[in-house]
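Tertiary structure, described
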Amino acid sequence: MALEHAILVSLSERSGSGYELTRRFEKSIGLWWSATHQQIYRVLKRMEEAGWIVVDHVEQSGKPDKKVYTVSEDGAEVMKRWLAEPDPGAGPRELAVKIRGAALGDVAAVAEEVARHRDTHAEQLDVYRQIEKRDFPAPADLSGQSLHQYLVLRGGIRTESGFVEWLDEVLEALRKGTS
C-alpha cells in the first residue's frame, strides 16, 4: 500500500488542508502509518495530478490562501478498488488502514481480507507453539543462549496471539455491521 491510500481514507472521512492532514496523521492514522509533512505534501501533489483529489483554494485574511483537499470521484473509485483487492503481503499498518476505510467500500471484501490475515497469523502462531513445545519443554530451567532464544520465541507467540485476537474482534464487528 502506498501513502496515497492512507490519505484517501483520511480525506474521505473529512476534507482538509495539508496541515490538517498532517495533524490527523500525528493523532489517529499515525498510530498505524507515519508520514512527514513533506511526504504528505509531495503525495498530495501527485494525487492532484492523477485526479484522485481536488483542491479548493480558500481565501484567508492576512495569510496565503488555504488549500483544502477533497477526494474526487476517481479517487473514491481508486480507494474502493484498493479496499476490495486481496493483499496477502500486507502488514498490520496496511490492514489497519483498510479496516479504517471499510465503510467507504465493500465491507464484506475487507472482512474477507481480514479473515485471510487472521488465518495466516493463526497458522504462524501454531508453528511457534509447536516449536515451543518441541524445543523448550521446561522453560523454567533455561539460561543463557537457550533462554534468550526462548524469549524471542515468546515474543513471536505473543505478537501472533495478539494479532489473532485483534482480527477476531475486527471480524466480529465487521460481520455485525453487515448483517
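For clarity, every value in this text was computed on a predicted model and none was experimentally measured.

Our next topic: the packing of aromatic side chains. With the rule as written, the count across this model stands at 2 aromatic pairs. Consider the rings of Phe 163 and Trp 166, whose centres lie 6.5 Å apart with planes at 55°: the pair is tilted. Highlighted residues: Phe 163 and Trp 166, both in helix 7 (residues 144–178), separated by 3 residues, approximately one helical turn. By relative accessible area, Phe 163 is classed as buried at 17%. The partly exposed category is assigned to Trp 166, whose relative accessible area is 24%. When the ring centre of Trp 82 is taken as origin, the NZ or CZ atom of Lys 98, which lies over that ring, is 5.1 Å away.

Right, let's talk about the domain arrangement of the chain for a bit. Each domain of the chain was delimited in the assignment, giving domain 1 (1–88) and domain 2 (107–177). Relative placement of domain 1 and domain 2: their C-alpha centres are 33 Å apart. Taken together, the contact pairs 7 residues of domain 1 with 6 residues of domain 2. Of the roughly 440 Å² buried at the junction of domain 1 and domain 2 (both faces included), carbon and sulfur atoms supply 63%. There are 0 salt bridges connecting domain 1 and domain 2. Here domain 1 and domain 2 share 2 residue pairs in polar contact (both at pLDDT 80 or more) between them.

Attention shifts here to the environment of Asp 119. Structurally, the position occupied by Asp 119 is in helix 6 (residues 107–135). On the basis of relative accessibility, which here comes to 39%, the residue Asp 119 falls in the partly exposed class. Considering only alpha carbons, one finds Asp 119 and Leu 167, 48 residues apart in sequence, at a separation of 9.3 Å.

The next point concerns the nonpolar core. Formed by 32 residues in total, the largest nonpolar core has its most connected members in Ile 7, Leu 11, Phe 25, Leu 44 and Val 114. Of all the secondary-structure elements, those providing two or more residues to this core are helix 1 (3–13), helix 2 (18–27), helix 3 (37–50), strand 2 (63–71), helix 4 (73–84), helix 5 (92–100), helix 6 and helix 7. Ranked by the residues each element gives to this core, the list is headed by helix 1, at 6 residues. Counting contributing residues per domain, this core is built from domain 1 (1–88) and domain 2 (107–177), each supplying no fewer than three. Discounting chain neighbours no more than four positions away, the residues touching Leu 44 are Ile 7, Leu 11, Gly 18, Leu 21, Ile 53 and Tyr 69. Counting residues in each nonpolar core, the second largest holds 5 residues, with Leu 125, Tyr 150, Leu 153 and Ile 157 among its members.

What counts, and where the lines are drawn
- Residues numbered from 1 in each chain as written.
- Predicted model: local features only at pLDDT ≥ 70, side-chain atom pairs only at ≥ 80, totals over all residues.
- Heavy atoms only, no water.
- Phe/Tyr/Trp six-rings, centres within 6.5 Å; stacked < 30°, edge-to-face > 60°.
- Helix = DSSP H or I, 4+ residues; strand = E, 2+ residues; numbered from the N terminus.
- Buried < 20%, exposed > 50% of the residue type's maximum accessible area, 1.4 Å probe, protein only.
- Lys NZ or Arg CZ within 6 Å of the ring centre and 35° of its normal.
- Domains from an automatic or database assignment.
- Contact = heavy atoms within 4.5 Å.
- Buried area = accessible area lost by both parts, 1.4 Å probe.
- Salt bridge = Lys/Arg side-chain N within 4 Å of Asp/Glu carboxyl O.
- Polar contact = N/O pair within 3.5 Å; in protein donor to acceptor, adjacent residues only side chain to side chain.
- Core = buried A, V, L, I, M, F, W, Y, C linked by side-chain atoms within 4.5 Å.

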